[in-house]
Amino acid sequence: MGGLLHTVLVDPFVQMWTLPDFFVQVLWEGLVSGILYALIALGFVLIFKASAVFNFAQGIMVVFAALSLVGLHRLGVPAFVALGLCVLIMLALAVAVERLVLRPLVNQPDIILFMATIGLTYFLIGLGELVFGGEPKVMITSELLLPTGSYVWETLGGRVILQQIDIAAAVIAAAMVAVLAVVFQRTKIGRALRAVADDHQAALSVGIALETIWVVVWFAAGVVALATGIMWGARSDVSFALQIVALKALPVLVLGGLTSVPGAIMGGLIIGIGEKLGEIYWGGLLGGGIESWLAYLIALAFLLVRPQGLFGERIIERV
Amino acid sequence: MRQRAIGEVILAVEDVSLRFGGVRAIADVSFDIRAHEIRAIIGPNGAGKSSMLNVINGFYRPQEGRIVWKGQAHRAMRPYLAASTGIARTFQNIALFKGMTVLDNLMSGRTLKMRRGFFWQALRYGPALEEEIAHRRRVEEIIDFLEIEHIRKVPVGRLPYGLQKRVELGRALAMEPELLLLDEPMAGMNLEEKEDMSRYILEVNEQLGTTIALIEHDMSVVMDLSDRIVVLDHGQLLADGPPEVVSRDPAVIEAYLGVAH
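Residues numbered from 1 in each chain as written. Chains lettered and ligands numbered in written order. Predicted model: local features only at pLDDT ≥ 70, side-chain atom pairs only at ≥ 80, totals over all residues.

A. Region of the structure containing the overall build of chain A. Of regular secondary structure, chain A possesses 13 helices and two strands. Against the compact-globule benchmark of 20 Å for 319 residues, chain A has a radius of gyration of 21 Å, which places it among compact chains. When each of the 319 residues of chain A is scored for burial, the buried share is 43%. Within chain A, counting contacts between residues at least 6 apart in sequence, those at least 24 apart form 73% of the total. (Helix = DSSP H or I, 4+ residues; strand = E, 2+ residues; numbered from the N terminus. Rg over C-alpha atoms; globule rule 2.2 N^0.38 Å. Buried ≥ 20, exposed ≤ 12 C-beta atoms within 10 Å, placed from the backbone. Contact = placed C-beta atoms within 7 Å.)

This is the structure:
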């Protein structure tokens, strides 16, 4: 018994202390996957805030965007033209979703809209396979002038290896969050978006066009999905399996709160770092592979204590 | 007595009927609102008063009848059309943007008046900056007028009920409407707050010439403020006329007090 307590509560921390450079390496790996989780969660939050739709299709949007990019490039389209076209594809998708899914279902219960986004998921899987084929593809990382090498950081009496693509991902993610923050804080579209998120009726009464706002958020979520797809594709490859990884956004959302942009980012980082630390230092005790379910366990524990998430709005309902 | 020239008919409700499934909320009601007047809509609970406001600003589409707004006949209004052609409103249960500050709530009322592209707004550059400043100035005047300077930067959700009602009026005023629809602007207020609100409504009407249609339950307020009163009961028009006539109408007295049997 004492031996078990030692392996669970003492030994991992001793390891962290004695091999600090390795610990930093683990933290960095966790941070990078955390950033990607955060980006997917960000897409969910944007749409949920403005339209109260839980967009199950966010994960497949990531795959679809990355697939379109690689697919277009394979057809001979130059990389940056393909990137531009993909932005247009995400815009077309946003318009189509508003016209064909959201508008006919306005004022329907949330669960109906949720089911509709599941339908959208399967539609996009089918469309992606039909047009670009289902086999895994390699992201056009170097064609997009993204760095592929790595830096070695001599520190703490050892070395930490930083992939340049990971650094690029962190920078691009930070820039994207900053742009979104500026747009939401300063422009009338941002004000309108926050208004729609708060109260549909009041927003309509001051002349905010709901349809436009929906297109704007779905488009923003689409662009976020495209960026996520590029970064994730560069780390592994572009395949439909990515969609399963995108489900990791769920525990992130539980942790951060469904309506909070800072929550999505913090939640993503916590889950990313938490599951890497768990896998490396505690995983061996259970035979490894705990990375795939630890996030859900964290989320489950969190639900018991703070169901609205770290930054979510507290739900108080009169009964 | 107030000195205002009551103008032509600015809005006419013609033979409007509204049903929800089998329930008739409004049954064949017609009345009009003249420019610069204060028009009250009264009636017992469930009379169809709020439904009527919702028809006027396009939240509800009536099955029959039409709305003539500034000379244009519409089968039904649309919220965007109403807002962009000068109809602003407040809500019975306060519909504010609770997470946003008082200032941002009022600025949201300027949405339709902002013209500059959002790219320039994001950069806070040149004409967009001037435009933002101009709108801010207008909003600050309204804040001044409603005496809410001290809470400008407070998120609306934290304010007490009476102040929220005032902010909601402010957001409607920020739209610089020609017709202002007020759904129970004084519900749940104490006497002092009611007097303040009455004063604001009168000043808006007198100084800006804004036409006002209001729903209110406090009869002394209604009698003092309004030029003409529409009385609804069970979705039907019961009476229509100046306060002194309506208050003596036997049908109105019966609807409100019930008859002794």
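B. Molecular detail of the overall build of chain B. Regarding its fold elements, chain B presents 10 helices and 10 strands. Against the globule reference of 18 Å for 261 residues, chain B gives a C-alpha radius of gyration of 19 Å, in line with a compact fold. Along the first, second and third principal axes, the C-alpha atoms of chain B reach 70 × 40 × 40 Å. Counting all 261 residues of chain B, 41% fall into the buried class.

C. Spatial organisation of the pairing of strand β1 (residues 150-155) of chain A. β1(A) sits mainly on the outside: zero of its six residues count as buried. Connecting the antiparallel pair β1(A) and strand β2 (residues 158-163) of chain A is a turn made up of two residues, with A:L156 showing a positive phi of about 50 degrees. (Pairing = 2+ DSSP bridges.)

D. How the structure looks around the interface of chain A and chain B. Contact with chain A, which involves 20 residues of that partner, is made by 27 residues of chain B. Of all elements in the fold, only α6 (164-186), α7 (188-198) and α8 (200-205) of chain A reach the threshold of two or more residues within the side of chain A that touches chain B. Per-element tally for the side of chain A that touches chain B: the top contributor is α7(A), with seven residues.

E. Broad picture of the sheet that holds strand β5 (residues 72-74) of chain B. Residue and element names in this part refer to chain B. Taken in spatial order, the four strands line up as β2-β1-β4-β5 in an open sheet, and their pairing is antiparallel. Each edge of the open sheet carries a strand with a single partner, namely β2 (23-34) and β5. Between one strand axis and the next, the sheet turns through 20 degrees on average, direction left out of account. Here three bridges tie strand β4 (residues 64-69) to β5, and the two strands are oriented antiparallel to one another. Each bridged residue has a counterpart across the sheet, and for V68 the counterpart in β5 is A73. (Axes fitted to C-alpha atoms, helices over the stretch in contact; angles between N-to-C directions.)

F. Spotlight on the environment of B:A83. Mapping B:A83 onto the fold places it in helix α2 (residues 79-84). You can call B:A83 buried: it has 26 C-beta atoms within 10 Å. For the pair formed by B:A83 and B:G109, sequence separation is 26 residues and the distance between their alpha carbons is 9.6 Å. When residues no more than four places from it in sequence are discounted, the contact partners of B:A83 are A:S205, A:V206, A:G207, B:L112 and B:M175.

G. Spatial organisation of unusual backbone geometry. Residues and elements named next belong to chain B. The backbone of K70 sits at a positive phi, close to 50 degrees, despite the residue not being glycine. Position of K70 relative to the elements: it lies in the loop between β4 and β5. Among the residues examined, K70 registers 14 C-beta atoms within 10 Å and is labelled partly exposed. The residue I94 is not glycine, and still its phi comes out positive at about 50 degrees. With respect to the element layout, I94 can be found in the loop between β6 (87-89) and α3 (102-108). Residue I94 is classed as partly exposed on the basis of its C-beta count, with 19 C-beta atoms lying within 10 Å.

H. Up close: the packing of α7(A) against helix α9 (residues 210-235) of chain A. All names here are of chain A. Where α7 contacts α9, the two axes come as close as 10 Å, and the packing angle between them is 105 degrees. Regarding the angle of α7 to α9, the classification is roughly perpendicular. Contacts from I189, A192, L193 and V196 of α7 reach α9 at L210, I213, V216 and V217. Class assignment of the residues belonging to the contact of α7 with α9 gives a composition of eight nonpolar, no polar and no charged. (Parallel < 35°, antiparallel > 145°, perpendicular 65-115°, else oblique. Nonpolar A, V, L, I, M, F, W, Y, C, P; charged D, E, K, R; others polar.)

I. Structural view of the nonpolar core. In terms of nonpolar packing, the biggest core is built from 162 residues, with A:A41 and A:V217 touching the most fellow members. Broken down by element, this core gets its largest block of residues, 18 residues, from α9(A). Residue-level mapping places this core at the junction of two domains, with at least three residues from each of domain 1 (1-86 + 178-261) and domain 2 (95-176) of chain B. Ignoring sequence-local partners within four residues, the contact set of A:V217 consists of A:L46, A:I47, A:A50, A:S51 and A:L193. (Core = buried A, V, L, I, M, F, W, Y, C linked by C-beta atoms within 7 Å. Domains from an automatic or database assignment.)

J. Highlighting the sheet that holds strand β3 (residues 38-42) of chain B. Residue and element names in this part refer to chain B. What the six strands build is an open sheet, ordered β6-β7-β8-β3-β9-β10; its pairing is mixed. Edge positions in the sheet fall to β6 and β10 (236-241), since each has one partner strand and no second. Strand-to-strand twist in this sheet, taken as the mean axis angle between neighbours without regard to direction, amounts to 15 degrees. Each of β3, β6, β7 (179-183), β8 (211-215) and β9 (228-233) touches helix α1 (residues 49-56); the most contacted strand, β7, lies at about 150 degrees to it.

K. Here's a closer look at the environment of A:Q58. Residue and element names in this part refer to chain A. Within the secondary structure, Q58 is located in helix α3 (residues 58-74). You can call Q58 buried: it has 28 C-beta atoms within 10 Å. For Q58, the residues in contact, after removing those within four places along its chain, are I40, G43, F44, A221, A225, A246 and A249.

L. Looking closely at the domain arrangement of chain B. Residues and elements named next belong to chain B. For chain B, the assigned domains are domain 1 (1-86 + 178-261) and domain 2 (95-176). Measuring from the centre of the C-alpha atoms in domain 1 to the corresponding centre in domain 2 gives 27 Å. Tallying contributions element by element places helix α7 (residues 191-208) first for the side of domain 1 that touches domain 2, with three residues. Split by residue class, the side of domain 1 that touches domain 2 holds six nonpolar, two polar and one charged.

M. Representation of the packing of helix α11 (residues 249-256) of chain A against helix α12 (residues 261-282) of chain A. Residues and elements named next belong to chain A. One can describe the packing of α11 onto α12 by two numbers: an axis separation of 8 Å at closest approach and a directional angle of 120 degrees. As the angle between them shows, α11 and α12 are arranged oblique. In the crossing of α11 with α12, the sense of the turn from one axis to the other is right-handed. Mapping the contact onto sequence places P251, V252, L253, L255 and G256 in α11 and G263, A264, M266, G267, G268, I270 and I271 in α12. Looking at the contact of α11 with α12 residue by residue, the classes come out as eight nonpolar, four polar and no charged. (Left-handed = near helix turned anticlockwise from the far one by under 90°.)

N. Geometry of the confidence of the model for chain B. Of all residues in chain B, 92% have pLDDT values of 70 or greater, and the mean over the chain is 88. Of the two predicted TM-score estimates for the complex, the pTM is 0.76 and the ipTM is 0.81. (pLDDT = per-residue confidence, 0-100.)

O. Geometry of the confidence of the model for chain A. Chain-level statistics for chain A give a pLDDT mean of 83 and a share of 97% at 70 or above. Here helix α10 (residues 242-246) of chain A stands out as the least confident element of chain A, with mean pLDDT 75; helix α4 (residues 79-102) of chain A is the most confident, with 92.

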